[in-house]
Amino acid sequence: MTISLPSKAGEHKLIPIPADRDNLAAKAIHGTTTVGLIVGDYVVLAADKRATAGTLIASRRVKKIVKLTDYSAMTISGLVADAQALADIIREESRFYLLTHGRKLSVKGIATLLANILFSSKYFPYIVQLIVGGYDTKPRLYTLDLYGSITEETYTATGSGSPVAYGVLESHYHENLTLDEAVSIAAKAIRSAILRDSATGDGIDVVIIGPENYFEERFVPFKQ
Amino acid sequence: MALGAPPTAYDRATTIFSPEGDLYQVKYAFEAVRKGWTSLGIRSKEAVIIAAEKRQITRLLDLESIEKIYLVDDHIGVAFAGMGSDGRILIDQARLVAVRHRLLYGEKASVDYVARAIADIKQAYTQHAGVRPFGVSLIFGGINPEGDTRLIKTDPGGQFFSYYAVAIGMGERYATEVLEKEYNKELDFEGLVKLALKALFKARIETSEEQSASLVGEFHNFVELGYITVEKPVFRKMSADEIRRYVNEVSGELTK
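Everything quoted here is computed from the prediction, not taken from an experiment. (Residues numbered from 1 in each chain as written. Chains lettered and ligands numbered in written order. Predicted model: local features only at pLDDT ≥ 70, side-chain atom pairs only at ≥ 80, totals over all residues.)

Q: Just to check I follow, could you spell out the nonpolar core for this structure?
A: For soluble globular proteins, nonpolar side chains are generally found buried alongside one another. Counting residues in each nonpolar core, the largest one holds 74 residues, and the members touching the most others are Ile49, Ala51, Val78, Val114, Ala196, Ala199 and Leu200 of chain B. The biggest single contributor to this core is helix H5 (residues 189-206) of chain B, with 9 residues. What Ala199 of chain B contacts, discounting residues up to four positions off in sequence, is Leu40, Ala167, Ala175, Val178 and Leu179 of chain B. In this structure, Leu86, Tyr97, Leu105 and Val164 of chain A belong to the second largest nonpolar core, which totals 61 residues. (Core = buried A, V, L, I, M, F, W, Y, C linked by C-beta atoms within 7 Å. Buried ≥ 20, exposed ≤ 12 C-beta atoms within 10 Å, placed from the backbone. Helix = DSSP H or I, 4+ residues; strand = E, 2+ residues; numbered from the N terminus. Contact = placed C-beta atoms within 7 Å.)

Below you can see the structure in the form of structure tokens.
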């Protein structure tokens, strides 16, 4: 891909855009662990709080679980600016949907809309990997990648620490967990990632979403 | 047309109000609907019925090929009265609206949403210069994703209202009389179909030269009927055989 930039007066030169956007994507997504799981009537989302820029820890207090509506939230990994822009779009679209349709946009609707936005920017993508969790008629959980693929899950993980987190989820997750057990497993998955992934760290945020706009935010401090 | 003295300058453009606050072109569009073959819709808690009549205006016309009830989406059907060509364009738009909603949100559109989108188009054609209003009313019937029955009429002015039962076209007045008298919210599926046929038959008799005794035997050839139930929320056209069976069942009441 090339773009045209003015160099000398009146003279335009075609310069190549760096073809390493995929590498950039790989780098950006390095630097987070987030998980989501469904248990009973609830969705549990958890994420670490570290932001990195290369080897620098850019922040120790990032909120990686952002509220979209009263009944849904998403975890973000990748470029924070891209994820925030997407979250802003979804917040406005869901409000607009409520006004024009007279009913809430379902969690599937939110995830599908996000997937459409991501796919429409496939050749200049938002560098994000997202978990969308929420409750409409029952708890829902979706994972989206930067090109707009969408899958419905019962438990999932994203980010550089996701292999570690998956290890914990695979061995501990089952559908008959209690909510408290689910929260501690989600926290444990992040905690394990913090211990083995240098780009993940500095505490654990947890969000629990359930029936009737139940929305609880917790912070679990990290202890060695 | 009984509009009194012929309007002068005010019916030359859609966008100019008369001193009485009327848009004459829009009024005329309502007249176009009043000239159309009768269509009607009825709903209860468990089902929605849409019915329409067709007329053999010449024996050379292939009546079977004429459709007055169309599928908009799996869960929405529509009937029209007025200018069929205008109706066809709007129904295509309705199908687009429904399918776009599916694409964008991954879920079915509500009947209200589709009806409103079409009413929005109709409104635009009462306000912009160089266009004429759509000479057609539409009846959307269907089941919303939440599972409740819906029946919505849009008129040429771009208004839309939800109804329990509604009729449009040349027999509007007569069909509505029957519906107002006999409708109740607890009607079951059979009750809805029979009431639809009765109202349609009455409208037909009152707006044509035909005699009820001779019409009743062939009425099923002139009826199109679509339905959807809460139990099985997929909009279907009723087969000719089924329509004939229902017409037979109510034939005694039709000729009363």
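There is more to say after this.
Q: Teacher, can you tell me more about the pairing of strand S5 (residues 136-143) of chain B here?
A: Residues and elements named next belong to chain B. Taken across its 8 residues, S5 has 8 buried, putting it largely inside the fold. Side chains Val136, Leu138, Phe140 and Gly142 of S5 all project onto a buried face; the interleaved residues Ser137, Ile139, Gly141 and Ile143 project onto the opposite face, where all are buried too. Sheet analysis places strand S4 (residues 76-82) next to S5, joined by 7 bridges and oriented antiparallel. Note that in S5 the partner of Gly77 across the bridge is Gly141. Both S5 and strand S6 (residues 149-154) contribute to a ladder of 6 bridges, which runs antiparallel. The partner of Ile143 across the bridge, within S6, is Thr149. Counted between consecutive antiparallel strands, the loop separating S5 from S6 contains 5 residues, among which Gly147 sits at a positive phi close to 105°. (Pairing = 2+ DSSP bridges.)

Q: Can you help me understand the interface of chain A and chain B in this one?
A: Interface size is commonly expressed as the accessible area that is lost once the parts come together. Of the residues lining the interface, 9 residues belong to chain A; the matching set on chain B comes to 7 residues. Examining the composition of the side of chain A that touches chain B, we find that 5 residues originate from one element, helix H3 (residues 107-120) of chain A, more than from any other. Across the side of chain A that touches chain B, the residue classes break down as 2 nonpolar, 6 polar and 1 charged. (Nonpolar A, V, L, I, M, F, W, Y, C, P; charged D, E, K, R; others polar.)

Q: What is the right way to look at the confidence of the model for chain B in this model?
A: Should the pLDDT be low somewhere, the predicted coordinates at that spot are not to be read in detail. Across chain B, pLDDT averages 93, with 96% of residues at or above 70. Reported confidences for the modelled complex are a pTM of 0.83 and an ipTM of 0.73. (pLDDT = per-residue confidence, 0-100.)

Q: Is there a simple way to think about the packing of helix H4 (residues 162-172) of chain A against helix H5 (residues 179-196) of chain A in this case?
A: To characterise two packed helices, one gives the angle between the axes of the helices and the distance between these axes. Residues and elements named next belong to chain A. Closest axis-to-axis distance for the H4/H5 pair is 7 Å, and the angle between their directions is 145°. You can see that H4 and H5 cross each other, and the crossing is right-handed. Where H4 abuts H5, its residues Val164, Ala165, Gly167, Val168, Leu169 and His172 lie against Ile185, Lys188, Ala189, Ile190, Ser192, Ala193 and Arg196. (Axes fitted to C-alpha atoms, helices over the stretch in contact; angles between N-to-C directions. Left-handed = near helix turned anticlockwise from the far one by under 90°.)

Q: What is the right way to read the sheet that holds S4 of chain B from this model?
A: Within a beta sheet, neighbouring strands are joined by backbone hydrogen bonds and run either parallel or antiparallel to one another. All names here are of chain B. With antiparallel pairing, the 5 strands of this open sheet are ordered in space as S3-S4-S5-S6-S7. At either margin of the open sheet sits one strand with a lone partner, and together these are strand S3 (69-73) and strand S7 (160-162). Across the sheet, the axes of successive neighbouring strands diverge by a mean angle of 25°, strand direction being ignored.

Q: For this particular structure, what's the right way to read the sheet that holds strand S2 (residues 47-53) of chain B?
A: Spatially, S8-S1-S2-S9-S10 (chain B) is the arrangement adopted by the 5 strands of the open sheet, whose pairing is antiparallel. What marks the edges here is a single partner per strand, and that holds for strand S8 (165-168) and strand S10 (236-237) of chain B.

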